[in-house]
Amino acid sequence: MVYTKYDGSLHWHMRMRYLGEDEHGVWLGTPARSSIRRGTEPPVVLEQAFVELIPDGQWWTATFNGEPARTEIYCDIGTPPRWPSPGEVTMADLDLDVVRVRASREVMLVDEDEFAEHQVRYGYPAEVIGKAQQAAAFLQQAIADGIEPFGSRYLTWLDQVTARP
């Protein structure tokens, strides 16, 4: 999985295991204590297992974190995911994120300042800005309302990476 910035520069990237597909998209997973990297920085080891939903043609992806992560759901707003090869998915991160905090179940839109700054820095076209804002509004409502896959569907997929070493 490879996230870039809008200019194509490398952002977060990681290796994940293909878990399967359903009506929501492709599900990838990573067990606890796996590493991820931002650009060329040293790897970061995450204590929690997590699964990633890659929906077809949407302007977002969703990460569902196991314990002990503070955020239960973390959605990245980005360009629609592309599969340049069967083993690689990529998208440009557009900075806006929608998260649900595990303890309070509060749903928040975050990184609006970065989104505004990068509209200028990377020259986001008006259509990209609009699609990002629409995706953020959709996610805030869908997560708050518990609409699947944000209700409990992801737990089945998360079980696949927490049950195996």
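Residues numbered from 1 in each chain as written. Predicted model: local features only at pLDDT ≥ 70, side-chain atom pairs only at ≥ 80, totals over all residues. Heavy atoms only, no water.

With that settled, consider the overall build of the protein chain. Of regular secondary structure, the protein chain possesses 3 helices and 12 strands. Taking 2.2 N^0.38 as the reference for a compact globule, 165 residues should give roughly 15 Å; the C-alpha atoms of the protein chain span a radius of gyration of 15 Å, in line with that estimate. Along the first, second and third principal axes, the C-alpha set of the protein chain runs to 45 × 35 × 30 Å. Put simply, of all contacts in the protein chain between residues at least 6 apart along the chain, 49% involve residues at least 24 apart. Accessible surface computed for the protein chain: about 8,400 Å², of which carbon and sulfur atoms make up 50%. (Helix = DSSP H or I, 4+ residues; strand = E, 2+ residues; numbered from the N terminus. Rg over C-alpha atoms; globule rule 2.2 N^0.38 Å. Contact = heavy atoms within 4.5 Å. Areas by Shrake-Rupley, 256 points an atom, 1.4 Å probe, with all protein chains shown as cover.)

The next thing to look at is empty space enclosed by the protein. The probe, sized like a water molecule, is rolled over the atoms to show the empty space still left. With the rule as written, the count across this model stands at 1 cavity of 30 Å³ or more. Considered as a void within the structure, the largest cavity measures approximately 30 Å³ in volume. In terms of lining residues, the largest cavity is bounded by Tyr3, Trp60, Thr61, Asp76, Ile77, Gly78, Thr79, Pro81, Met91 and Asp93. Where the lining of the largest cavity is concerned, the elements lending two or more residues are strand E8 (60-65), strand E9 (71-78) and strand E11 (88-101). Sorting elements by how many residues they give to the lining of the largest cavity places E9 first, with 3 residues. In the lining of the largest cavity, the residues fall into 5 nonpolar, 3 polar and 2 charged. (1 Å grid on protein atoms, 1.4 Å probe; cavity = no way out; pocket = protein on both sides within 12 Å on 5 of 7 lines; lining within 4 Å. Points joined across faces, edges and corners; volume = space filled by probe spheres on them. Nonpolar A, V, L, I, M, F, W, Y, C, P; charged D, E, K, R; others polar.)

We now examine helix H3 (residues 153-162). Each α-helix turn comprises 3.6 residues. Residues three or four places apart therefore point the same way. Those residues of H3 lying buried are Tyr154, Trp157, Leu158 and Val161. Looking straight down H3, one finds its buried side chains confined to an arc of 100 degrees; they lie on one side. Its buried side turned inward, H3 meets strand E3 (17-22), strand E4 (25-30), strand E7 (50-54), E8, E9 and E11. (Buried < 20%, exposed > 50% of the residue type's maximum accessible area, 1.4 Å probe, protein only. Arc of directions from axis to C-beta.)

Let us now look at the pattern of salt bridges. Under the defined criterion, the tally for this structure stands at 8 salt bridges. A salt bridge links Glu41 to Arg38; its shortest N-O distance comes to 3.5 Å. Arg100 is the salt-bridge partner of Glu72, the closest N and O atoms lying 3.1 Å from each other. You can see Glu72 sitting in strand E9 and its partner Arg100 sitting in strand E11, a full 28 residues away along the chain. Here Glu72 matches Arg100 in class, with each residue buried. (Salt bridge = Lys/Arg side-chain N within 4 Å of Asp/Glu carboxyl O.)

Moving on, we get to the packing of aromatic side chains. This model, assessed by the stated rule, comprises 9 aromatic pairs. Their ring planes at 45 degrees and their centres at 5.7 Å tell us that Trp60 and Phe150 sit as a pair that is tilted. In this pair, Trp60 is assigned in strand E8 and Phe150 in the loop between helix H2 (126-145) and H3, connecting sequence segments 90 residues apart. Per residue, the accessibility class of Trp60 equals that of Phe150, and both read buried. Aromatic pair Phe115 and Tyr124: ring centres 6.0 Å apart, planes at 40 degrees, arrangement tilted. Owing to a relative accessible area of 6%, Tyr124 belongs among the buried residues under this scheme. Counting every residue linked through ring pairs, the aromatic cluster contains Trp27, Trp60, Phe64, Phe138, Phe150, Tyr154 and Trp157. (Phe/Tyr/Trp six-rings, centres within 6.5 Å; stacked < 30°, edge-to-face > 60°.)

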